[in-house]
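Residue-level listing of the chains:
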Amino acid sequence: MTARIIDGNALSAQVRGEIAERAAALTARGVQPCLAVILVGGDPASAVYVRNKVAGCEKAGIRSLRFDYPENATQDEVMAKLAELNADPSVHGILVQLPLPKHLDETAVLEAIDIKKDVDGFHAENVGRLSQNREAFIPCTPHGVMKMLESTGTQVQGAEAVVIGRSNIVGKPMAMLLTNAGATVTVCHSKTKDLAFHTRRADILVAAIGKPRFVTGDMVKPGATVIDVGINRLQDGPDAGKLCGDVDFESAKTVAGAITPVPGGVGPMTITMLLENTVISAERTASDRKLAAGK
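A brief report on the enclosed structure follows. (Residues numbered from 1 in each chain as written. Predicted model: local features only at pLDDT ≥ 70, side-chain atom pairs only at ≥ 80, totals over all residues. Heavy atoms only, no water.)

**Focus on the sheet that holds strand β1 (residues 4-5)**
- Read across the open sheet, the six strands follow the order β1-β11-β8-β7-β5-β6; overall the sheet is parallel. At either end of the open sheet lies a strand with only one pairing partner, and these are β1 and β6 (184-188).
- Across the sheet, helix α6 (residues 140-152) touches β1, β7 (204-207) and β8 (225-228), and the angle it forms with β8 is around 150°.
- In this fold helix α7 (residues 171-180) packs onto β5 (160-164), β6 and β7, with an angle of close to 170° to the strand it touches most, β5. (Pairing = 2+ DSSP bridges. Helix = DSSP H or I, 4+ residues; strand = E, 2+ residues; numbered from the N terminus. Contact = heavy atoms within 4.5 Å. Axes fitted to C-alpha atoms, helices over the stretch in contact; angles between N-to-C directions.)

Listed below in structure tokens is the structure:
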């Protein structure tokens, strides 16, 4: 048995085409979607992520604004820029690239973003709304995973789902989304006893633990859909320097029914959902304008 490979690049290209059409329609109505990105410090990985996000905006017809601050930027400087962007009606999405330098209060920064422009979905109010299954901006990586499950025709309602990882960015919102979709969800983490007992029951297995090739084929239920959120650069051995996920792809693909590769799986969908959230915000702005004009 060889699993079906879930091609994140192909799905991303399809969704981005739809996003570009929506962005063009909005722009024709006088509301060009706009994403503002704040980068503090010189972390190389963060710089790459920001560059990719800006490039994605340009290709989709979304205006992008980038604000770079040095490593020693103050809390007041960042908060002042957020206040300015919150007040700018032409800006529909605001993103602060994480992680921030340690001297900055990350929680305070994220909470300062207007929830209507919180396209990363990290503000506590958006998280709360998601937990209540209400309209909210959904964190981009879990949102992308749900799109991938939908694209494969995976039956989520009634399924046993296991999420490995409990981060605020992936694990917790992933569990909430699967719960909202009708799955029975188990969240596993570093303190979980007999992890394989749980993973072998999973019809849907989402790995987001940050350990290279941690989930092996013998931990996977035959026919399961395996979503690998991890991205790790190997340090040793013959594959040193190569990227891999949290799942041992070679062993897992012989057991699973469908599986995402790394790279080319979940990664492309993360930025795609950021672009979609920005367009959604702009669509809401356009709708509000129309309502106001009607009054």
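Here the narrative resumes, following the displayed structure.
**Description of the pattern of salt bridges**
- Evaluated as defined, the whole model comprises 11 salt bridges.
- Ionic pairing is found between Arg 66 and Asp 68, a salt bridge with its closest N-O pair at 2.7 Å.
- When its relative accessible area of 46% is taken as the criterion, Asp 68 is described as partly exposed.
- Note that Glu 84 and Lys 81 form a salt bridge whose closest N and O atoms lie 3.1 Å from each other. With Glu 84 and Lys 81 both in helix α3 (residues 75-87) and three residues apart, this pair spans about one turn of that helix.
- Overall, the relative accessible area of 47% leaves Glu 84 in the partly exposed class.
- Residues participating in the shared-partner salt-bridge network are Arg 22, Lys 147, Glu 276 and Glu 283. (Salt bridge = Lys/Arg side-chain N within 4 Å of Asp/Glu carboxyl O. Buried < 20%, exposed > 50% of the residue type's maximum accessible area, 1.4 Å probe, protein only.)

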